[in-house]
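Read off the chains here:
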Amino acid sequence: MREVRAGRLSEADVCDADFLLRAAATHHGVASARECPLCGAKLRNTKWVYGEVLGRRVGSARSEKEIAEFVAEGLEFTVHTVEVCLACRWNHLLTSEVAYGKC
Ligand SMILES: [Zn+2]
């Protein structure tokens, strides 16, 4: 977060979690042990799924259980884990990984 402290980016640019992202973090997110680098509040991790095989489910937040069900269906898709701060809206793509279904 050096850019914020140096003043090159305003906090509004960084804290851009939109309503959907915050709602997803509230309903599907799991508490993270990490703290927000901006305000120190506890972060929530939310998993988002991407992949053509998911059809209408692309780009939606999913629980671990739902992701396990997609894998069980034999689908191959990408899971983005996003950290979200509900207090100041800071968010960050933590990991991007491919999930494979068993064939
Ligand atoms: Zn924060």
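Residues numbered from 1 in each chain as written. Predicted model: local features only at pLDDT ≥ 70, side-chain atom pairs only at ≥ 80, totals over all residues. Heavy atoms only, no water.

### Structural notes on the overall build of the protein
Counting secondary structure elements, the protein contains four helices and five strands. Its helices and strands taken in sequence order, the protein reads α-α-α-β-β-β-α-β-β from the N to the C terminus. For the protein, with 103 residues in total, the buried portion stands at 34%. Counting only contacts in the protein whose residues sit at least 6 apart along the sequence, the fraction spanning at least 24 positions is 49%. Carbon and sulfur atoms make up 52% of the accessible area of the protein, which totals about 6500 Å². (Helix = DSSP H or I, 4+ residues; strand = E, 2+ residues; numbered from the N terminus. Buried < 20%, exposed > 50% of the residue type's maximum accessible area, 1.4 Å probe, protein only. Contact = heavy atoms within 4.5 Å. Areas by Shrake-Rupley, 256 points an atom, 1.4 Å probe, with all protein chains shown as cover.)

### Quick look at the pairing of strand β4 (residues 77-84)
In the case of a regular strand, side chains alternate between the two sheet surfaces. Burial within β4 is extensive, with six of its eight residues counted as buried. Of the strand pairs in this sheet, strand β2 (residues 42-50) and β4 are connected by seven bridges, and their pairing is antiparallel. Within β4, the position partnered with Thr-46 by the bridge is Val-82. With eight bridges joining them, β4 and strand β5 (residues 91-99) adopt antiparallel strand pairing. Paired with Thr-81 across the strands is Thr-95, a residue of β5. (Pairing = 2+ DSSP bridges.)

### So, the coordination of the zinc ion
Around the zinc ion, the protein contributes the donor atoms Cys-36 (SG), Cys-39 (SG), Cys-85 (SG) and Cys-88 (SG), which lie 2.2 to 2.3 Å from the metal centre. One can describe the site at the zinc ion as tetrahedral: its four donor atoms subtend angles covering 103 to 116 degrees at the metal. (Donors = N, O, S within 2.8 Å, 3.2 Å for Na, K, Ca; no water. Tetrahedral: all angles 85-135°; square planar, octahedral: opposite > 155°, others 65-115°.)

### With respect to helix α4 (residues 64-72)
Of the positions making up α4, those classed as buried are Ile-67, Phe-70 and Val-71. Down the axis of α4, the sector holding all buried residues measures 100 degrees, keeping them to one side. Among the exposed residues of α4, those oriented more than 90 degrees off its buried face are Lys-65 and Ala-72. The inward-facing, buried residues of α4 contact β2, β3 (60-62), β4 and β5. Gly-74, located one to two residues past α4, shows a positive phi value of around 90 degrees. (Arc of directions from axis to C-beta.)

### Focus: the pattern of salt bridges
Here the idea is simple: oppositely charged side chains can pair when their charged atoms come close. Within the structure shown, the criterion is met by six salt bridges. Linking Arg-57 and Glu-73 is a salt bridge whose minimum nitrogen-to-oxygen distance equals 3.8 Å. Placement of the pair is Arg-57 in the loop between β2 and β3 and Glu-73 in the loop between α4 and β4, with a sequence separation of 16 residues. Residue classification places Arg-57 among the partly exposed residues on the basis of a relative accessible area of 25%. Lys-65 is the salt-bridge partner of Glu-69, the closest N and O atoms lying 3.2 Å from each other. (Salt bridge = Lys/Arg side-chain N within 4 Å of Asp/Glu carboxyl O.)

### Comments concerning the side chain of Asn-45
Of note, Asn-45 is situated in strand β2. By relative accessible area, Asn-45 is classed as buried at 17%. The contact partners of Asn-45, leaving out residues within four places of it in the chain, are Gly-29, Val-30, Ser-32, Thr-81, Val-82, Glu-83 and Leu-94.

Remember, this is a structural readout, not a statement about activity or role.
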